[in-house]
Amino acid sequence: MAFSSSISSSIQGLSSANAVPRDGSVTKICQSTLSFLPCPLNKMSFTSQSNSRKSLNKQVFASVADVVKDTSLEEVQIPKGDTSVHKFGGTCVGNSQRIRNVADIIIKDTSERKLVVVSAMSKVTDMMYDLIYKAQSRDDSYIVALDAVLEKHRSTAADLLEGDELDSFVFRLHHDINNLKAMLRAIYIAGHATESFTDFVVGHGELWSAQMLAALVRKSGMDCDWMDTRDVLIVNPSGSNQVDPDYAESEKKLEKWFSRNPAKTIIATGFIASTPQNIPTTLKRDGSDFSAAIMGALFRARQVTIWTDVDGVYSADPRKVSEAVVLSTLSYQEAWEMSYFGANVLHPRTIIPVMRYGIPIVIRNIFNLSAPGTMICQAPIREPVDEQKLESFVKGFATIDNLALVNVEGTGMAGVPGTASAIFGAVKDVGANVIMISQASSEHSVCFAVPEKEVNAVAEALQSRFRQALDAGRLSQVAIIPNCSILATVGQKMASTPGVSATLFNALAKANINVRAIAQGCSEYNITVVVKREDCIKALRAVHSRFYLSRTTIAMGIIGPGLIGGTLLDQLRDQAAILKERFNIDLRVMGITSSKRMLLNDTGIDLSRWRELTKVDGKTADMETFVQHVQGNHFVPNTVLVDCTSDSKIASHYCDWLRRGIHVITPNKKANSGPLDQYLKLRALQRQSYTHYFYEATVGAGLPIISTLQGLLETGDKILKIEGIFSGTLSYIFNNFTGSRAFSEVVKEAKEAGYTEPDPRDDLSGTDVARKVIILAREAGLKLELSDIPIESLVPEPLQDCASAEEYMKQLPEYDQDMTDKKNEADEAGEVLRFVGVVDVVNQKGVVKLGRYKKDHPFAQLYGSDNIIAFTTERYNKQPLIVRGPGAGAEVTAGGVFSDILRLASYLGAPS
C-alpha cells in the first residue's frame, strides 16, 4: 500500500536488519518497529566501554559484537548485601551544575559498591511526551521541539565532558535523534502512536542522563559503567497504567548483565523497563523511585537513598501547613498510607520491593546535605514513647482534593447479598477509581469517594444498574455530593493508643469543620475523613496543630479601633512574641476596620505601624468585604471577629458570623441586652456548635463577672440576687461626691479625666447600668426585656433634651441642690450614696437605682472608678461572693477582651 510505503521511506535511515514490515497496518507497523528497535538499536546506540580508544564506528560495531559473546563469558555472581542504591530525580540532574553535584555525592560515597538510578533531566520527559502528542496531531513543530531536546543534551554534555567521552556521547545522541525523527515521522503519517511506541520514545531522556553521568564519574578515575535497565528489568502489564516486576526473570538478566559489566559503580536508568517479549515499556509516571526500589531488592541493597529537593517527609504539606516538621522515621506501612493519600513522598508502589527484604529507604535533600532526611524502615517492636507528645502515635497528615462522594442508600439493601458487589462492579465497568469506602453496619447505605471527573459516569452506571430497584423503591437514591476532599491521619501506633480518634474529631469540631464521611480500617494505621473542599486546608491545619502542638493560629479582625480597640491592638503588639514563644499562640490581625476605613493584610498586619498603615493603605470600609477577607485565609483554621464598638448595627451581625463558623468576642453590650428573641437565638446558635461567643468585658470591663456567674450556675449553685456598682463612671462620681463639693463639679472632673462618655448623660441616665443588669439577669435565666428594668435617671428631666453635651454641662449646676440634699440625708444616717443595679432572681425582676448603704458596707468602701458585684446564692447566702476591681478605663477593658481571646485560643487547642 502507498500508505505503508510512505512510512517505510520515512524511516529509511534505520539499518536493513530493522526493515519495517509492509503489511499495511499502521498499528502493526508501530508495534513491529518497536519489537525490533530495543535490542539492535539499543546496543548499537548506547553500550560504551570506558577504556575504548578506537574510532566511533568501531565502538559501535564492537558493541554489537558484545551481544554475541554473552554466553562465552564466565558468569560473575552479583555481590548482594553490600551495595548502596541512590536515586536522583529530574530536578537533581536538571542542568550541568546539578549533574556535577550528583557525581560528587557518588564519588564521596564510601560504600564498596554503588548503584545509581537516574531520571531524565528536568522537564525532558514532558518534552518527549509533547513530541508524541505533536506528531500524532500532525503538528510539524515536533521537528523544532526535537531539535530543542537535542540542543539541551548536547550543550549539557559539552559543559560536562571532553575528548573521546564527549565525542562518543554526541555521536550516540545524534544517532538517537535521527532515529527518533524517523519514528516521529511514522507517527505523524499514521496520526497515532501505540503505548509501546510512546514508551520507547519517552525513555530516551533516562538513557542520555545516565550516559552523561557515567562518563562524568569515570572522568574522576572511578570504575563506572552505565546500565540500560531495559536489558535487565522485566515487567508485566497488570492493569491500567500499572506494571508488576518479574523478579525471577529480572534477576537472571541482571546476573548476565553483571557478568559482562562487573563495575563497582553502576549508573542505571530509571523509569524504563522491558516486557517479557523484549518490548520497551515504562514504570509509568513517577516510576524512577519504583525503579530504585526494584534494583535495591535485586541487589539486596544495604539502603536505598532517594535524593530529591525537600529535607525529607513532612508531617503535612509544608505549602499548606507552615509549621509542618520533617519526620525522622516512618514505618513502611505509614509511608505507604501517606503516599496513597497524596503526600508527595514516594511512588505508591516503591515500598513493596524493599519491604520484603527489610531494606531501609532514606529521603534526602540534594540541595541541603546537612539535613539527615527521613528513614523509612520496618517499625521496631518497641519504640520509646514520649508521653508529652502524640508524635509517636500520629505521624502525618495527607489530603486529596477534587473528589465527590457517591451515596447509594435504601432499605432494600440491608441483608441482601451481592449489593456491594453490584455497586462496585458498575463502578469498575466505567473504569473509575474508588478512593475510600464507608458503610454503616445497618447496610442501609454505601458511601464511597471517587475523583470528581469520574463521578458523572459512575452515577449514570449506577442509575442504569439499579433502575429496577430505584423504580420499585428498594433503593431510595443514588446521591452525588461534589466538591469534597479527603483528609487522612496516619500513624502505625494509633491502634494501641486510646483517644486518637476523639482528639482528631475534637480538633475538627473546634475549627467548625463538618465531617461528611469517615473510614477506618481495623489496622488503625489510617483514619480518613471527607470534608468540604473549601474546608480542607483549614481542617489540615487544625488537626496538625492539635497533634503537633504547633502554634494555635487565629485570624483576627478588629472592629472599632477607637479607645478600647486601639488599646487592644497595642496590647496585642506588645505580647505577640511572648505568646508565640511561650504559649504556641499565633494571633494574626488580618483586618482592622472603623466606620470609614479598613486595613487588610493576607499574612497579618504589622501592629507596630497599624495607625500609619491605616492612613496610607486603608480602603473604604465595607463590612462584608472585611469579614470575607478575615475568614477567607484558608491557611489559618480559626477566625475571630472582635467588636470593640458600642454599635447595635454591628451587634446585629453576630448570628450570621457564628453561623459562618466565625468566633465572636466583644465588650459591646448591645447584642446581649437587645431584644430578648434575638438574644435567645444568638445563645442557642452558639450552644449548638463549637463556635465561641465571649463577652466577659460587657459587664465590669476586665473583671471576671460573667465567668464567675457561669461557674456558679454550671456547678449547680442557685442564684438568689446579684447587686453591684457596675459603672466605673458613676462609681468615680459618687466616691468623690463628698464634703461640700457640688455634684456638677464632680461630673465635670470625671468628664475631663475621661471617665465619662463624650456626653455624660449617657452615663448618668443609667441606661448603661441597665444593660449590664439585663445581661446578668439573662445569664441567670430570667427572660427580661430592657424595658422591664425601672431606671432612676440622674439626668434632671428639663436637661434630658438639651441640644448638646456642652449645653447640658452648662445648665447642670442649676440642679445641684437636689443631689446635695440627698447626700446630706445619707450623711445624717451614716450612709453613702451609690448608684447600683440589682437582679432579684427570686422575684424575677431587676432595677437600677440610687441606693444608700452603711459606711461599713463593702459598696461604701470603693475608691476611684472601682466596680463591685455581690452574688448572693444558696452557697453564699450569709456572706455574698464579692468581685471587686477597676471597672472602667481602656486598659482594663481591652485587657478583658484580650483575656477572652486567650481563652478562645485555649479552647481551640493551645496548651495551657
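Residues numbered from 1 in each chain as written. Predicted model: local features only at pLDDT ≥ 70, side-chain atom pairs only at ≥ 80, totals over all residues. Heavy atoms only, no water.

Q: Can you lay out the overall build of the protein chain for me, pointing to particular residues and giving the numbers?
A: Helix and strand counts for the protein chain come out as 33 helices and 30 strands. Roughly 39200 Å² of accessible area belongs to the protein chain as shown, and the carbon and sulfur atoms make up 49% of that amount. (Helix = DSSP H or I, 4+ residues; strand = E, 2+ residues; numbered from the N terminus. Areas by Shrake-Rupley, 256 points an atom, 1.4 Å probe, with all protein chains shown as cover.)

Q: How would you explain the packing of helix 11 (residues 247–260) against helix 12 (residues 288–299) if you had to name every residue and give the values?
A: It is at 10 Å that the axes of helix 11 and helix 12 come closest, and there the two elements cross at 70 degrees. By the criterion of interaxial angle, the relationship of helix 11 to helix 12 is roughly perpendicular. The segment helix 11 lies against helix 12, with Y247, S250, E251 and L254 engaging I294, M295, A297, L298 and F299. Taken together, the residues of the contact of helix 11 with helix 12 break down into 7 nonpolar, 1 polar and 1 charged. (Axes fitted to C-alpha atoms, helices over the stretch in contact; angles between N-to-C directions. Parallel < 35°, antiparallel > 145°, perpendicular 65-115°, else oblique. Contact = heavy atoms within 4.5 Å. Nonpolar A, V, L, I, M, F, W, Y, C, P; charged D, E, K, R; others polar.)

Q: Which residues make up the sheet that holds strand 23 (residues 638–643), and what values do they have?
A: With respect to topology, 7 strands assemble into an open sheet ordered 22-21-20-19-23-24-25, the strand pairing being mixed. Each edge of the sheet is formed by a strand with only one pairing partner; in this case those strands are strand 22 (619–620) and strand 25 (693–694). Contacting strand 19 (552–559), strand 20 (585–593), strand 23, strand 24 (663–665) and strand 25, helix 33 (residues 890–907) runs over the sheet at an angle of about 155 degrees to strand 24. (Pairing = 2+ DSSP bridges.)

Q: A description of the pattern of salt bridges should follow, citing residues and the corresponding values.
A: Taken as a whole, this structure holds 40 salt bridges when the rule is applied. A salt bridge links D130 to K134; its shortest N-O distance comes to 3.2 Å. In this pair, D130 and K134 are both assigned in helix 6 (residues 124–136), 4 residues apart and thus about one turn of the helix distant. (Salt bridge = Lys/Arg side-chain N within 4 Å of Asp/Glu carboxyl O.)

Q: Explain the packing of aromatic side chains to me, and be specific about the residues and the numbers.
A: Given two aromatic rings, one states the distance between the centres and the angle between the planes to describe the pair. Enumeration according to the criterion identifies 13 aromatic pairs in this entry. Ring centres of F397 and F547 lie 5.9 Å apart, and the angle between their planes is 40 degrees; this geometry places the pair in the tilted category. With F397 in strand 13 (residues 396–409) and F547 in helix 19 (residues 536–548), the pair connects residues that are 150 residues apart, well separated along the chain. We classify F397 as buried; its relative accessible area is 2%. (Phe/Tyr/Trp six-rings, centres within 6.5 Å; stacked < 30°, edge-to-face > 60°. Buried < 20%, exposed > 50% of the residue type's maximum accessible area, 1.4 Å probe, protein only.)

Q: Please provide a residue-by-residue account of the sheet that holds strand 16 (residues 477–490), values included.
A: Overall, antiparallel pairing links the 6 strands, which are arranged 14-15-13-16-18-17 in an open sheet. Across the chains shown, the open sheet's two edge strands, defined by having one partner strand only, are strand 14 (436–439) and strand 17 (515–520). Within this sheet the neighbouring strands show an average axis-to-axis angle of 30 degrees, counted without direction. As defined by bridge partners, strand 17 adjoins strand 18 (residues 526–532) across 5 bridges and the pair is classed as antiparallel. Residue pairing across strands places A517 opposite V530, the latter belonging to strand 18. The strands touched by helix 13 (residues 332–340) within the sheet are strand 13, strand 16 and strand 18, with strand 13 carrying the most contacts at an inclination of about 60 degrees. Lying over the sheet, helix 15 (residues 419–429) contacts strand 13, strand 14 and strand 15 (445–451), oriented at roughly 15 degrees with respect to strand 15.

Q: Could you give an account of the nonpolar core, naming the residues involved and the relevant values?
A: Ranked by size, the top nonpolar core spans 82 residues in total, and within it I376 and I486 carry the most contacts. Excluding residues within four positions of it along the chain, I376 makes contact with L330, S331, Y332, A335, V345, L346, I359, P360, I361 and I363. Judged by nonpolar contacts, the second largest core, of 70 residues, contains A555, I559, I733 and M819. (Core = buried A, V, L, I, M, F, W, Y, C linked by side-chain atoms within 4.5 Å.)

Q: Give a description of the environment of V149 that names residues and reports values.
A: On the secondary structure map, V149 appears in helix 7 (residues 142–160). V149 gets classed as buried once you look at its relative accessible area, which sits at 1%. Sequence separation between V149 and V124 is 25 residues, and the spatial gap between their C-alpha atoms is 7.3 Å. Apart from the residues lying within four places of it in its own chain, the contact partners of V149 are M127, M128, L131 and W208.

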